[in-house]
Amino acid sequence: MNFDDYALSATIFAPLLGVLILLFTPQGNARAIKIIGFVFSVFVFVLSLYLFFRFDSENPSFQFQQYTVWISGLNIGYYVGIDGMALLLIVLTAFLTPLALLGTWNSVEHRLKEYTMMVLLLELGMVGVFAALDLFLFYVFWEAMLIPMYFIIGIWGGQDRVYAAVKFFLYTLFGSLLMLIAILGLGFFASTLQDGKFTTNLTTLYAVAQHLPLNLQLWMFSAFALSFAIKVPLFPLHTWLPDAHVQAPTAGSVILAGVLLKMGTYGFLRFCLPLFPEASLRLIPVLSVLAVIGIIYGALVAMVQTDIKKLVAYSSVSHLGFVVLGIFSMTEEGIQGAIIQMVNHGLSTGALFLLVGMIYDRTHTRAISDFGGVAKLMPVYAVFFLIISLSSIGLPGLNGFVGEFLVLVGAFKSAFLGSYAYAAFAGVGVILSAVYMLWMYQRVMLGPVREGSLYGGHKLSDISAREITALGVIVVFVVWIGVYPGTFLKKSAWTAKTVVTLMENVQRGFQPRYAERALHEDK
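Residues numbered from 1 in each chain as written. Predicted model: local features only at pLDDT ≥ 70, side-chain atom pairs only at ≥ 80, totals over all residues. Heavy atoms only, no water.

With that settled, consider the nonpolar core. F224, L260, F268, L325, F328 and Y381 are the most contacted members of the largest nonpolar core, which totals 196 residues. Apart from residues lying up to four places away in sequence, L260 is in contact with L122, M126, M145, M149, F168, K231 and I255. (Core = buried A, V, L, I, M, F, W, Y, C linked by side-chain atoms within 4.5 Å. Buried < 20%, exposed > 50% of the residue type's maximum accessible area, 1.4 Å probe, protein only. Contact = heavy atoms within 4.5 Å.)

Okay, here's the thing in structure tokens:
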């Protein structure tokens with residue numbers, strides 16, 4: 001038996017083993033519950049590293065594939081496999097989950113066992129989404145992932161947690177149902193072709209897609225894109241995000257920002273572009289304009305926030321706009337920038353939510369006006385906050401710069417966008433991000449200790465060794481990607497190259513005949 005044949009499935013379902021053990025763990029044994037959750041999340045990360053180091057960057061095909069017939073009458077199978085983009089996002093998911101648990105070790109006391117089980121089930125769903133190569137299986141993981149996040153927000157969230165959880169669930173479910181209709185329509189269309197049959201196998205549907213008439217492509221693209229745009233979230237579908245972030249517990253915010261939002265941008269690259277290439281070309285101006293509006297709007301709204309957590313939430317709207325712009329630049333630089341920016345945003349914003357959670361645990365406030373001079377009381381905390389803030393801004397030498405630079409280069413040289421204006425306006429977003437992040441840092445960390453604040457004359461305890469470990473590991477990767485991004489960029493190079501090749505062929509009026517996998521055709 002070759003472990004490579006089952007390595008991806010082991011990574012997907014390893015959290016389930018932790019859930020089963022937690023079922024038989026006494027509710028009162030808090031220490032055991034925390035250790036079991038953390039150990040199994042670390043185990044998933046170890047498995048993801050195995051995938052990372054075994055992955056062949058020169059092979060354009062999906063790797064670690066596994067196929068098992070699931071519903072034979074409908075040609076639906078358990079079919080998983082990954083390319084470089086999916087690999088990076090799986091590693092990101094497996095990396096952030098144990099850090100979210102470690103960084104919030106003492107934050108949750110109520111129903112701790114159920115909380116830890118929900119986090120592990122959420123991890124299972126997220127990894128499954130990135131690994132699925134059957135559209136029905138993808139939909140199952142996509143919907144299954146909503147359930148634990150709904151409970152994480154609704155049970156362990158803030159004062160308005162139920163409202164935020166329901167809003168998050170309804171927004172996402174609405175888009176998902178439209179996507180399901182499109183999946184069924186695509187499978188039915190496959191059955192209408194000569195010798196065709198209903199199928200949800202993604203690699204087969206890549207070949208079917210070249211026969212789709214433009215009007216059907218536009219409708220199906222819209223159904224998929226709406227679901228993904230809600231998840232990103234793309235302006236003006238972003239209104240669920242601030243409520244979900246502010247009300248979610250810290251670990252929920254870390255995972256929501258770090259991983260869940262990337263499912264939307266992943267969906268554009270994995271499904272919308274290769275399945276509906278002509279529709280994608282027609283709708284480039286619409287999606288790109290919305291991306292640029294999101295970049296500037298998110299930054300401007302973040303600038304006027306009085307709650308640190310809400311400020312970070314709106315910054316996500318701005319940063320994910322860069323990812324969408326990079327995708328629809330249809331250039332290798334832009335798409336590579338979009339993929340690495342997904343990882344960068346997960347690291348930087350995940351760390352920011354951890355930092356906000358750490359100071360909230362000590363002061364029970366997130367209002368910027370309640371702070372001042374925190375750096376004098378918590379110097380180590382202030383150093384980490386500064387590094388991550390500069391990373392979020394895009395300082396050269398840190399990870400954020402790499403993604404934003406590649407996206408802007410791709411947007412400037414894109415023949416598909418046809419205008420420098422997209423990159424120029426997006427560049428304004430970079431300046432605005434420096435304004436709101438540095439202004440927030442100055443008000444919270446610098447100056448005299450604010451008299452009359454919740455901590456007034458009392459000395460706050462600086463972050464513990466456990467918290468330093470959680471943040472320090474993230475900073476290592478923040479610097480690594482900023483100084484030597486090639487380690488990660490080479491993994492996703494084929495994804496970017498072949499998407500661009502496909503779109504250029506479609507623009508010239510020629511669609512290549514797909515082999516086993518149209519998107520990663522052997523050169």
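Now that the structure has been shown, the text picks up again.
Reading predicted coordinates in detail is not appropriate for stretches of low pLDDT. Per-chain confidence: the protein chain averages 87 in pLDDT, with 95% of residues scoring 70 or above. Per-element mean pLDDT across the protein chain ranges from 85 in helix α9 (residues 240-247) up to 93 in helix α17 (residues 379-393). (pLDDT = per-residue confidence, 0-100. Helix = DSSP H or I, 4+ residues; strand = E, 2+ residues; numbered from the N terminus.)

Okay, the packing of aromatic side chains next. Working definition: an aromatic ring pair is given by the centre-to-centre distance plus the angle between the planes. Scanning the entire structure with this criterion turns up 33 aromatic pairs. Relative to Y297, the ring of F235 has its centre 5.1 Å away and its plane inclined at 55°; by these criteria the two rings are tilted. Of the two residues, F235 is situated in the loop between α8 (214-231) and α9 and Y297 in helix α13 (residues 284-303); the sequence distance between them amounts to 62 residues. Grouping aromatic residues by their ring pairs yields a cluster made of F130, F138, W142, F224, F228, Y266, F268, F271, F276 and F328. The ring centre of F52 lies 4.6 Å from the NZ or CZ of K491, which sits over that ring. In this structure, K497 is placed above the aromatic ring of W494, and the distance from its NZ or CZ to the ring centre is 5.1 Å. (Phe/Tyr/Trp six-rings, centres within 6.5 Å; stacked < 30°, edge-to-face > 60°. Lys NZ or Arg CZ within 6 Å of the ring centre and 35° of its normal.)

Looking now at the packing of helix α5 (residues 135-156) against α8. As a packed pair, α5 and α8 sit with axes 14 Å apart at the nearest point and diverge in direction by 30°. If you check the angle between α5 and α8, you find them roughly parallel. The hand of the α5/α8 crossing is left-handed. When α5 is examined against α8, the residues L135, F138, W142, M145 and L146 are found in contact with a partner set consisting of F224, S227, F228 and K231. For the contact of α5 with α8, the residue count by class is 7 nonpolar, 1 polar and 1 charged. (Axes fitted to C-alpha atoms, helices over the stretch in contact; angles between N-to-C directions. Parallel < 35°, antiparallel > 145°, perpendicular 65-115°, else oblique. Left-handed = near helix turned anticlockwise from the far one by under 90°. Nonpolar A, V, L, I, M, F, W, Y, C, P; charged D, E, K, R; others polar.)

Turning our eyes to something else, we now look at the environment of T363. Inspection of the secondary structure puts T363 in helix α15 (residues 332-363). Residue classification places T363 among the buried residues on the basis of a relative accessible area of 7%. Taking the C-alpha atoms as reference points, T363 and L460, separated by 97 residues in sequence, lie 8.5 Å from one another. Within the structure, the side chain of T363 is placed 2.9 Å from the backbone oxygen of I359, a separation counted as a polar contact. (Polar contact = N/O pair within 3.5 Å; in protein donor to acceptor, adjacent residues only side chain to side chain.)

Turning our attention to the pairing of strand β1 (residues 63-71). Relative to strand β2 (residues 76-82), β1 is paired through 6 bridges, and the arrangement is antiparallel. Residue Q66 lies in a different strand from β2, and its bridge partner there is V80. Linking β1 to β2, which pair antiparallel, is a turn of 4 residues; within it N75 sits at a positive phi near 55°. (Pairing = 2+ DSSP bridges.)

Attention now goes to the packing of helix α11 (residues 262-275) against helix α22 (residues 493-507). Where α11 contacts α22, the two axes come as close as 10 Å, and the packing angle between them is 20°. The pairing of α11 with α22 is recorded here as roughly parallel in orientation. In this structure, α11 meets α22 at a crossing whose hand is left-handed. Contacts between α11 and α22 involve L269, L273 and P274 on the former and, on the latter, V499, L502 and M503. When grouped by side-chain class, the residues that make up the contact of α11 with α22 number 6 nonpolar, no polar and no charged.

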